[in-house]
Each structure stands twice: as structure tokens, then as C-alpha cells.
Amino acid sequence: MLILGFYGGPSTEFEAGSPTQTHDGAAVLLKDGEVIAAIEEERLNRIKHSYTAPLRAARFVMDQAGVGLDQIDRIAIPYMSGSAERLLRRMYLADPSAEHALDVADALRAQWRRYLGADVPREKVRFVPHHIAHATATFEMSGFERALVMTIDGQGDTEAGLTLKGSAEGLELLHRVPIPESLGHFYMQAIGFLGYRMFDEYKVMGLAPYGDPERFRAQFEAMYELLPDGQWRLHPHLLDGMYAQLMPRRKREPIEQIHKDFAASLQQTLETVVFHALRHYRASTGLRDLCLGGGVAHNCTMNGNILRSGLFDNVFVHPAAHDGGNALGAALSVHRSEARHRPQRLRNVYWGSPLGESDSVETRLRAWSDFLDIAPSANVEEDAAELIADGKVIGWVQGRSEFGPRALGNRSILADPRPAEFKGLINKMIKTRESFRPFAPAVLEEQAADYFELPAGATRFPFMTFVLNVQPDKRELLGAVTHVDGTARVQTVSREDSPRFWRVIDAFHRRTGVPVVLNTSFNNNIEPIVDSLEDAVECFLTTGLQALVVGDFVLTKKDGAQRSALVPQLPNHVRLHERRQRDDDGEVRDTFELRRAEWNGEACKPLPAPIFGLLKRIGDAPIEQLAREAGLALDEVMPTMEELWAERCLVMRPQAAQR
């Protein structure tokens, strides 16, 4: 049986102004319960946390199996139809010219018919409750026979979480968390005091160890009540009282100790409430294994503390616990209901875009030969390890891309984990993000216990879902990946599940005596993780990365390469906008902007009139030709074009790649 999991929308990437409540759209294809392919829409349309219907993603996963939509047996949607229909009605009210269907199944079928070329019979469509999809994804792939299952997020459908018993018979509901008691909403609302917003929660998790939770303990303790039977009640309106002690930080203002203390208190509050629930259900059910799902389950500090507490023998957190993983959860739920067959324990998530065969990779790279030195490698793992041991920070692109928010050795930036200064260096020159944010260590599975404190009997932590203590005698050695509190978000690397990545670390080990490398996602702070070879090359050329290893090739940047020879293009989700407005002095002026779609709207960037005019002329011509035709000097044009490229407002490709 072929089951397509489909999550996202209802907008397409050409409808940036449409209201939406979705994010992290994704598509997954199961064949007889096994994953054939899975990818998030953001990797393909390059809109971070993409709000759009996963049409590119659906086409990709079907192409990987060589099937069309008409050959799919079921399409699984991870939300209830009533929730989606409320959104469709709001969209209809907001746009008097709207003509779309108000029945969600009909709206989806019309979208698939238009963009995927098939008329799907209504009886093939299955709706799965949002939190059941979260719960199914984590339990079905945990490998546990029986487990307590808890989902925690902002909200999905009409609830903010579920607690269930998982067994061979399926999932048995124990408790629903009502939306007013949403820990995800509370955490997101609170981080506004730190100058952050949705999708910045992980930054606050990284900031918390720098703070003292005692400073705001009393205020946060007033914001929740721990009730009998593992339940709780939140009082988020009391956050308003924080203004007396902490004015919300504005973007780009410095992070001070008071902000760190606030983050520490918030993290402690989350864990206090979650542990209250877990202790109750551990005692009342007698279950010794735990599965976590939902966006809050990406709080790997919380996960590590649960693991170390000894409350459960085993803890499994799905590596795609967020909404993108619900495409998988919905498909697994439909498979379970119709086939009654459970998949094996999850071992890796290399389900995305393949890099391609070596000949194809070389052909595509040669299009960039004016800008890159391209060296074939007879032993690319040894060459990569040599670069890392020599102090280079490299991009590493191999095989199929990972599903979920973590780069796990196929679309990664790699570096030496030892020099403490590397954390600030990489944050500044490549990731362009806050200096306090930590990087993860990837360690050979066989030697993980020598460097990290592993719970008794546990050896595999392949998905970066847990923060573990670094062994005290290794903390100074692993300066670039050890956080301020002596912890690290660990990835163990298996020779069987990730052989090429394992060989890189092993080669680094033979050179340095350290079986660990620094591993972080291959992207800058604006874009999703790179997916294609071209994504990787563009990120390489617009950051401080010192080498790029793609397949069996080692790439370095050519000095003096004339980037004015590149051909600029506007991505599908970027548009030019001209408007007239009145200034404070009363004068009417024309303003020129570039607008880039984001998951919840558009980011606007002002442009000088000459650059705006140049961009309106782009087609197949290189920058130097466009500038000449516009009567502009290259030294006027290139700084802005380079900036727009680095911010992914433009795609820049060699002329050879256009043919």
C-alpha cells in the first residue's frame, strides 16, 4: 500500500498574502509502512518554515518511487477537517473575490488536480488528528512494545497536547491538554521579553544555562498551578507583571544578565510542569518507557534532564517531532489502521534529496569552474578529515538529505571540536547568529561513553535530541562543543547507519586522538538547511566556509573570480514592489522594495532606485551586462548584489548552469 502524508497549506508559494496557521509543511511517502522518501517543503522552495502546501515535496517523494498521484492508495492529512474548514472560511471572508471551496477535502483535491495533475477520489483522503499524528510518529518508530506517549506543542486542532498509552494494540488516550494550558504558547509568549518570537525557542534554550533561575523564580511560580493527577493550570496573563522588572528587549539590543536569568527561569518552569505530569503517569501506568512528540519535544535540554532523572528506563524523541513530522505521523496512523503492521525502530532519517551519481555531480560542479577549484578525491573521507584537523571549517554534502530540523552528517558544516574560539568564529563568519549559541558534537558510537555521560545501557543517540553531560575530564578538550554548563547536544554516529560520516570522524580520530567533530547544519541564519548541490555551492560562496566537500570532490574558492559574470534570478517567493508614500516633511516620494515571503508574511528590504531598475531587467544576462545596459558602474552595483545573494533574495548562477 502506498500512503502519501501531506501537511501544509492551504496557500501556495505564489500566495504570500494569504492568511495561514500552518508552518513546516512536508510530504512523506510510505510503501507497506516503510519510508520511501520524506522532505520538508522549505528544502525545495527555500522559504524557511514554509507555510505553503507541500506541492514540490509531494512531487519529489512520488518521483523517488516512480509513481504518480493516481497510484497512491491513501493520502493522510494530519489535522481534522473541521479545523481546516474554519481557516478556509476566514480566508473566504478576508477576500471577497475568493472562489475556493469551503470543504477542505474538495479544496485539497482541487489543489492536487491543478498542481499535481490527478483527480483524487474523495474516499482516498484520510484526516488524522494533529496530536495523534505526533504521537503515532514517535511511538511507531520508537521500537518500544509498550510506552507512555506524551505530545506537547502550541496547539493542533482543539488541544495543546495528549498523554496516551502506546501498545501493540495502538494508542489509548489518557488525557487531553486544553489550549489555555498550552506550554508551547506560554513559552512562545514569554520569549517576547527576550526579543524573540516563534521559532526562536531553541535560542532561549541555549541562553538559559548562562542564567540563574532564582532571580525570577517567584514570579514564574505564580504563573502555574500543579494540580492533582498530573494536570496543571497556567496564568500567562501574569507575564504582564514582568514589565516592572524587565522591559522587553528590542531586536539588536544587547543580551544582558537579566535576560539570561529570565531564560533560565522559563526553562525551569517548563521542566517543572512536564516532570509533574510525567511522575504522575509513570506511577499510575507503571510504564517504564517514554515517547515524546510535538514541537516542545525539540527542547533537548528538557529531554536530557528527563533521561538522566531515571524516571524511565528508555526515552525516545522523534527527530522530526515538530509539525513537519506530522506528515509522517499521519501516514503511519493510516497505515496502522489499515495494515496493522508496525515499522522497525528508526535508525536514520536520510530520506530526502539524493546528491546524485559522481558523473552528474562533476558535470554540475564544472558549471562553477570559474569560481571554484574542483579537485576529485580518491579518498574523500581522509581528505575531509585532513582539512578539519588542519583547522578548516568545511561544508560536507553527501547522499540523501535528512528529514527534520537537524543536519546529521549529510548536509553539515564540520570543524574541529577542540578550539573554544571556534564557537564564536563559526557563529560570526558562517551562521551569522548569536555568539552564545552552542554547536553539537558528532562522536563515534563506539567511543561515546569515553567523552559523554551516557545513561546505563544506552549507547545510541543518533538524532541530536538529547543534551548530555560532557565527561568532566573532556570538557576543556572539547571547548567548541561544550556548553557553559558542561553539556552538549550529542549525536552518536554508527558505522552501519552513516558509514561515510563515520569514516570522516574515524579519520579525524586517527589524526588527533579525538573521535569527535563539531557538526552544525549547513546554512546561514536566513535560509533552510541546504538541499541541492547548487544550494551548497551558493552557501559556500557567500559565507566564510573554507572548503566544501561534495560527493567525491573537494572544492575551494578561486581568488579573484569575477562574480559580476553570474546571472541573477529572483526566486519564486521574492518580488519587487514599488509604492508612493508621503515623508514626515510632507514630500511625496517613490520607494522601492524587495519583498521576500516568510512563513507568516513578507520581509521588506528597501532598494536604491538604480538597483531596483536593474533587477526589473533581469533575465538570462549576467550582472555586468545588466549594469552596462543600465549605465551603472560595477562598483556601484556589486556590493548590493552580493548582499542580496547572501540574504537569499537572489539566486546567482553561472551562465553555463543556465544552459
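Residues numbered from 1 in each chain as written. Predicted model: local features only at pLDDT ≥ 70, side-chain atom pairs only at ≥ 80, totals over all residues. Heavy atoms only, no water.

Some words on the overall build of the chain
Part 1 of the reasoning: A count of helical and extended segments in the chain gives 21 helices and 27 strands.
Part 2 of the reasoning: Taking 26 Å as the expected radius of gyration for a compact globule of 659 residues, we find that the chain reaches 25 Å, a close match to that expectation.
Part 3 of the reasoning: With the principal axes as the frame, the chain shows a C-alpha extent of 75 × 65 × 60 Å.
Part 4 of the reasoning: Burial status across the chain gives 58% buried among its 659 residues.
Part 5 of the reasoning: Of the contacts made within the chain by residues no fewer than 6 positions apart, 70% connect residues no fewer than 24 positions apart.
Part 6 of the reasoning: Here the chain displays about 26,100 Å² of accessible surface, and carbon together with sulfur accounts for 47% of that area.
Part 7 of the reasoning: For the chain, the separation between the mean place of its 76 positive charges and that of its 90 negative charges on side chains is 1 Å. (Helix = DSSP H or I, 4+ residues; strand = E, 2+ residues; numbered from the N terminus. Rg over C-alpha atoms; globule rule 2.2 N^0.38 Å. Buried < 20%, exposed > 50% of the residue type's maximum accessible area, 1.4 Å probe, protein only. Contact = heavy atoms within 4.5 Å. Areas by Shrake-Rupley, 256 points an atom, 1.4 Å probe, with all protein chains shown as cover. Lys, Arg positive; Asp, Glu negative; His and termini not counted. Charge placed at Lys NZ, Arg CZ, Asp CG, Glu CD.)

Side note on the sheet that holds strand S8 (residues 170-177)
Part 1 of the reasoning: On the basis of which strands lie adjacent, the open sheet formed by five strands has the order S8-S7-S6-S11-S12 and mixed pairing. Edge positions in the open sheet fall to S8 and strand S12 (314-317), since each of these has one partner strand only. Here the strands of the sheet are splayed against their neighbours by 20° on average, with no regard to which way each runs.
Part 2 of the reasoning: Its contacts with the sheet put helix H5 (residues 130-140) on strand S6 (147-156), strand S7 (159-167), S8, strand S11 (289-293) and S12, and the angle it makes with S6 is roughly 140°. (Pairing = 2+ DSSP bridges. Axes fitted to C-alpha atoms, helices over the stretch in contact; angles between N-to-C directions.)

Re the pairing of strand S16 (residues 440-444)
Part 1 of the reasoning: Burial of S16 is extensive: five of the five residues sit out of reach of the surface.
Part 2 of the reasoning: Relative to strand S20 (residues 516-521), S16 runs antiparallel, the two being bridged by four bridges. By the bridge assignment for S20, Ala440 is matched with Asn519.
Part 3 of the reasoning: Judged from the three bridges that link them, S16 and strand S19 (residues 491-493) form a sheet pairing that is parallel. Bridge pairing links Leu444 to Val493 in S19.

Considering the pairing of S7
For a regular strand, the rule is simple: side chains alternate between the two faces of the sheet.
Part 1 of the reasoning: Counting buried positions over the nine residues of S7 gives eight, a clear majority of the element.
Part 2 of the reasoning: Two strands pair when backbone bridges link them, and S6 and S7 are joined in this way by seven bridges, in the antiparallel orientation. Bridging across to S7, Ile152 finds its partner in Gly161.
Part 3 of the reasoning: The turn joining S6 and S7, which pair antiparallel and follow one another in sequence, is formed by two residues; a positive phi near 55° is taken by Asp157.

As for the pattern of salt bridges
Part 1 of the reasoning: Using the criterion set out here, one finds 48 salt bridges in the structure.
Part 2 of the reasoning: With its nearest N and O atoms 3.0 Å apart, the salt bridge here joins Arg336 to Glu140. Separated by 196 residues along the polypeptide, Arg336 in helix H11 (residues 326-339) and Glu140 in helix H5 bring together distant segments of the chain.
Part 3 of the reasoning: Overall, Arg336 belongs to the buried group, its relative accessible area being 9%. (Salt bridge = Lys/Arg side-chain N within 4 Å of Asp/Glu carboxyl O.)

Considerations on the packing of helix H19 (residues 623-630) against helix H20 (residues 634-646)
Part 1 of the reasoning: At a minimum axis distance of 10 Å, the contact between H19 and H20 shows a crossing angle of 130°. It follows that H19 is oblique to H20 by the angle criterion. With respect to the hand of their crossing, H19 and H20 are arranged in right-handed fashion. On H20, the residues touching Ile623, Glu624 and Ala627 of H19 are Leu634, Val637, Met638 and Met641. (Parallel < 35°, antiparallel > 145°, perpendicular 65-115°, else oblique. Left-handed = near helix turned anticlockwise from the far one by under 90°.)

A look at the side chain of Thr138
Part 1 of the reasoning: Its location among the elements puts Thr138 in helix H5.
Part 2 of the reasoning: Side-chain polar atoms of Thr138 contact the backbone oxygen of Leu292, separated by 3.0 Å.
Part 3 of the reasoning: In contact with Thr138, other than residues within four places in its own chain, are Val149, Cys291, Leu292, Gly293, Phe316, Val317 and His318. (Polar contact = N/O pair within 3.5 Å; in protein donor to acceptor, adjacent residues only side chain to side chain.)

Considerations on the packing of aromatic side chains
By convention here, two paired aromatic rings are described through the distance between centres and the angle between planes.
Part 1 of the reasoning: Evaluated as defined, the whole model comprises 14 aromatic pairs.
Part 2 of the reasoning: Judged by centre distance (6.4 Å) and plane angle (65°), the rings of Tyr7 and Tyr79 are edge-to-face. Taken together, the positions of Tyr7 in strand S1 (residues 2-7) and Tyr79 in the loop between strand S4 (74-77) and helix H3 (81-94) put the pair 72 residues apart, joining distant regions of the chain. You'll find Tyr7 and Tyr79 in the same group, each marked buried.
Part 3 of the reasoning: Pairing Trp351 with Phe403 gives two aromatic rings, centres 6.0 Å apart and planes at 35°, and the pair type is tilted. (Phe/Tyr/Trp six-rings, centres within 6.5 Å; stacked < 30°, edge-to-face > 60°.)

Focus: the sheet that holds strand S26 (residues 601-606)
Part 1 of the reasoning: Overall, antiparallel pairing links the three strands, which are arranged S24-S25-S26 in an open sheet. In this open sheet, the two edge strands, each paired with only one partner strand, are strand S24 (574-582) and S26. Direction aside, neighbouring strands of the sheet carry axes that sit 40° apart on average.
Part 2 of the reasoning: Relative to S26, strand S25 (residues 588-598) runs antiparallel, the two being bridged by six bridges. Each bridged residue has a counterpart across the sheet, and for Glu598 the counterpart in S26 is Gly601.

A closer look at the packing of helix H9 (residues 257-285) against helix H10 (residues 300-309)
Part 1 of the reasoning: For the pair H9 and H10, interaxial distance at closest approach is 10 Å and the crossing angle is 45°. With respect to their mutual orientation, H9 and H10 come out oblique. Two packed elements cross with a definite hand, and for H9 against H10 that hand is right-handed. For the pair formed by H9 and H10, the contact residues are Gln267, Leu270, Glu271, Val274, Phe275 and Leu278 on the first element and Thr301, Met302, Asn305, Ile306 and Ser309 on the second.
Part 2 of the reasoning: Broken down by class, the residue content of the contact of H9 with H10 amounts to six nonpolar, four polar and one charged. (Nonpolar A, V, L, I, M, F, W, Y, C, P; charged D, E, K, R; others polar.)

A word on the environment of Trp112
Part 1 of the reasoning: On the secondary structure map, Trp112 appears in helix H4 (residues 104-116).
Part 2 of the reasoning: Sequence separation between Trp112 and Phe371 is 259 residues, and the spatial gap between their C-alpha atoms is 40 Å.
Part 3 of the reasoning: When residues no more than four places from it in sequence are discounted, the contact partners of Trp112 are Phe6, Leu55, Leu69, Ile75, Ile77, Gly117, Ala118, Val120 and Val125.

Regarding the nonpolar core
Part 1 of the reasoning: Phe262, Ile306 and Leu615 are the most contacted members of the largest nonpolar core, which has 143 residues in total.
Part 2 of the reasoning: Looking at which element gives the most residues to this core, the answer is H9, with 11 residues.
Part 3 of the reasoning: Beyond its immediate stretch of four places on either side in the chain, Phe262 contacts Ala190, Phe193, Leu194, Phe216, Phe220, Leu239, Met242 and Leu246.
Part 4 of the reasoning: Formed by 67 residues, the second largest nonpolar core is a distinct cluster that contains Ile3, Val104, Leu108 and Leu164. (Core = buried A, V, L, I, M, F, W, Y, C linked by side-chain atoms within 4.5 Å.)

Points about the environment of Ser265
Part 1 of the reasoning: Within the element layout of this structure, Ser265 appears in helix H9.
Part 2 of the reasoning: Among the residues examined, Ser265 registers a relative accessible area of 1% and is labelled buried.
Part 3 of the reasoning: When the C-alpha atoms of Ser265 and Ala218 are compared, they prove to be 9.4 Å apart, with 47 residues separating the residues in sequence.
Part 4 of the reasoning: When residues no more than four places from it in sequence are discounted, the contact partners of Ser265 are Asp212, Pro213, Phe216, Arg217 and Phe220.
Part 5 of the reasoning: Looking at Ser265, its side chain comes within polar contact range of the main-chain oxygen of Pro213, at 2.8 Å.

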